[in-house]
Amino acid sequence: MSIDGVGIWLYAVTAAESAGGVVDGLSGVAGEKIRLVAGDGLAAIVGTVPLREFGEEPLRRHLEDLDWLATKARAHDAVISAVARSAAVVPVTMATVYLDDERVRAVLAARHREFLAALDRVTGRDELGVKAYADPSTLESRDQPFQQKSGERRSGTAYLMKRKRELSSRERAYRVAAAEAERLHAALLKHAVDGKRKPASDPSLSGRDSWTVLNGTYLVAKSAEGDFRKAVAGLQETTAGIELEITGPWPPYSFAGDVMNE
Amino acid sequence: MTEVLPADNNRRIALVDLLDRVLGGGVVITGDITLSIADVDLVIVSLRTLISSVGSLLPDDDDYDDGGGGFV
């Protein structure tokens, strides 16, 4: 592999019949012009990128650089999101690179049936994320309010008793939060085609003191998106101590792979 | 209720959600140049200071999606 060569970065796959004009004016992770590689009734959305930045070694090095990763992740997503506005897409995991267009066509031919199945699953649907943040102190007081008993404050035993109560109170809050998350997820699934719970991100990253009790993502019919948002707003109104946050619509990142990543 | 769009300026939140999807989601196809599991692990190691899990809140049943290289 020449260091001066070029590679073909794959963004997503769409049906050839709906691909007309969808990539016009788009640029990708290397600022390159986005184009189509068609084959077998499918169209791969690709860009030609320099291997000195996107070859195996440089890629591995760059991926440890959060700024680089963030910039390229946003560019990768921007292309897929732009295409998703006018056509159903199967998003491809970031950093999938081929040596030439022929290799991309070979993949379209080899995985033809699975791509069609994946497209069928996501057509007319978007992904919406819903996170639930719980304020532990609200949940604790909601569960069972603890009062400081007078006269306890000074002794070491009293301190330990108080500490023990606080801990068990926190454990209860934790259980309440877990039950609420389960309830919210079940309620949201009724307004979605499918849904999944993902691992939650660290509180330090969200800049909140609260617990992320639900990191859900849902495949929702475009026509039902308004209903889904209303359902989230409704749940928000009836759920004390938990704040809901919607992200998206996203291209169907979390669902297109269901029929392919086997 | 707050909303954060993918293109929102609220970068810290959006970045986690974004990486979770573009690296942890999407269809995994073998490319000529592609990230091996070890490479993805490396990325995860380098992001560990930023992204971690409170997995104990998650149920142990099938609707917990830990597939597709999500951050754990």
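Residues numbered from 1 in each chain as written. Chains lettered and ligands numbered in written order. Predicted model: local features only at pLDDT ≥ 70, side-chain atom pairs only at ≥ 80, totals over all residues.

**Some details on the overall build of chain B**
Right, on to step 1. The number of helices and strands found in chain B is 2 helices and 1 strand.
Right, on to step 2. Each helix and strand of chain B, placed in order from N terminus to C terminus, yields the pattern β-α-α.
Right, on to step 3. Considering chain B as a whole, with its 72 residues, one finds that 38% of them fall into the buried category. (Helix = DSSP H or I, 4+ residues; strand = E, 2+ residues; numbered from the N terminus. Buried ≥ 20, exposed ≤ 12 C-beta atoms within 10 Å, placed from the backbone.)

**Concerning the overall build of chain A**
Right, on to step 1. Looking only at helices and strands, chain A has 9 helices and 9 strands in total.
Right, on to step 2. Of all 262 residues assigned to chain A, the portion counted as buried reaches 44%.
Right, on to step 3. For chain A, the share of sequence-separated contacts (at least 6 apart) that also reach a separation of at least 24 residues comes to 76%. (Contact = placed C-beta atoms within 7 Å.)

**Some remarks on the nonpolar core**
Right, on to step 1. Counting residues in each nonpolar core, the largest one holds 82 residues, and the members touching the most others are I45(A), V83(A) and V90(A).
Right, on to step 2. Split by domain, the residues of this core number at least three in each of domain 1 (6–122) and domain 2 (125–259) of chain A.
Right, on to step 3. Those residues in contact with V90(A) that lie beyond four places of it in its chain are A12(A), V13(A), F115(A), A118(A), L119(A), V122(A), A256(A) and V27(B). (Core = buried A, V, L, I, M, F, W, Y, C linked by C-beta atoms within 7 Å. Domains from an automatic or database assignment.)

**Here we look at unusual backbone geometry**
Residues and elements named next belong to chain A.
Right, on to step 1. Geometrically, the link from G248 to P249 is a cis peptide bond, its omega value of 10° lying close to zero.
Right, on to step 2. Looking at where P249 falls in the secondary structure, it is placed in strand β9 (residues 242–250).
Right, on to step 3. Phi at D40 takes a positive value of approximately 60°, unusual for a residue other than glycine.
Right, on to step 4. The phi angle at A95 is positive, at roughly 75°, despite the residue not being glycine.
Right, on to step 5. Mapped onto the elements, A95 comes out in the loop between β4 (90–91) and β5 (97–98).

**Section: the domain arrangement of chain A**
All names here are of chain A.
Right, on to step 1. Along its sequence, chain A is carved into domain 1 (6–122) and domain 2 (125–259).
Right, on to step 2. Computed from C-alpha atoms alone, the centre-to-centre distance between domain 1 and domain 2 is 35 Å.
Right, on to step 3. Tallying the contact residues gives 11 residues for domain 1 and 8 residues for domain 2.
Right, on to step 4. Elements with a contribution of two residues or more to the side of domain 1 that touches domain 2: α3 (66–84), β4 and α5 (112–122).
Right, on to step 5. With 5 residues, α5 is the single largest residue contributor to the side of domain 1 that touches domain 2.
Right, on to step 6. Each residue belonging to the side of domain 1 that touches domain 2 can be placed in one class, and the counts come to 8 nonpolar, 1 polar and 2 charged. (Nonpolar A, V, L, I, M, F, W, Y, C, P; charged D, E, K, R; others polar.)

**Observations concerning the environment of A95(A)**
Right, on to step 1. A95(A) sits in the buried class, given 26 other C-beta atoms within 10 Å.
Right, on to step 2. Residues A95(A) and D135(A) lie 40 residues apart in sequence; the distance between their C-alpha atoms is 37 Å.

**So, the confidence of the model for chain B**
Residues and elements named next belong to chain B.
Right, on to step 1. In the predicted model, chain B carries a mean pLDDT of 53, and the fraction of residues at 70 or more is 26%.
Right, on to step 2. Mean pLDDT values over the elements of chain B span from 48, in strand β1 (residues 2–4), up to 73, in helix α1 (residues 11–22).
Right, on to step 3. Long-range and interchain partners of residues 3–12, a stretch whose pLDDT sits below 50, account for 14 contacts in this model, where long-range means more than four residues apart.
Right, on to step 4. Throughout residues 48–72 the model reports pLDDT below 50, and contacts reaching past four residues in sequence, or to other chains, amount to 52 contacts.
Right, on to step 5. The ipTM assigned to the predicted complex is 0.80, against a pTM of 0.79. (pLDDT = per-residue confidence, 0-100.)

**Some thoughts on α5(A)**
Residue and element names in this part refer to chain A.
Right, on to step 1. Among the residues of α5, those classed as buried are F115, A118, L119, R121 and V122. The buried residues of α5 occupy an angular sector of 160° when projected down its axis, which confines them to one face. Of the residues in α5, the exposed ones pointing more than 90 degrees away from the buried face are R113 and D120.
Right, on to step 2. For α5, the elements touching its buried residues are β1 (6–15), β3 (42–50), β4, α4 (101–110) and β6 (125–134).
Right, on to step 3. One or two positions beyond α5, positive phi appears at G124, with a value near 75°. (Arc of directions from axis to C-beta.)

**Here's the deal with the environment of L214(A)**
All names here are of chain A.
Right, on to step 1. Position of L214 relative to the elements: it lies in strand β8 (residues 211–221).
Right, on to step 2. Accessibility expressed as a C-beta count within 10 Å gives 27 for L214, which makes it buried.
Right, on to step 3. As for L214 and A38, which are separated by 176 residues in sequence, their C-alpha atoms are 40 Å apart.
Right, on to step 4. Sequence-distant contacts of L214, that is, excluding residues within four places in its chain, are made with V130, K131, A132, A181, L184, H185 and R197.

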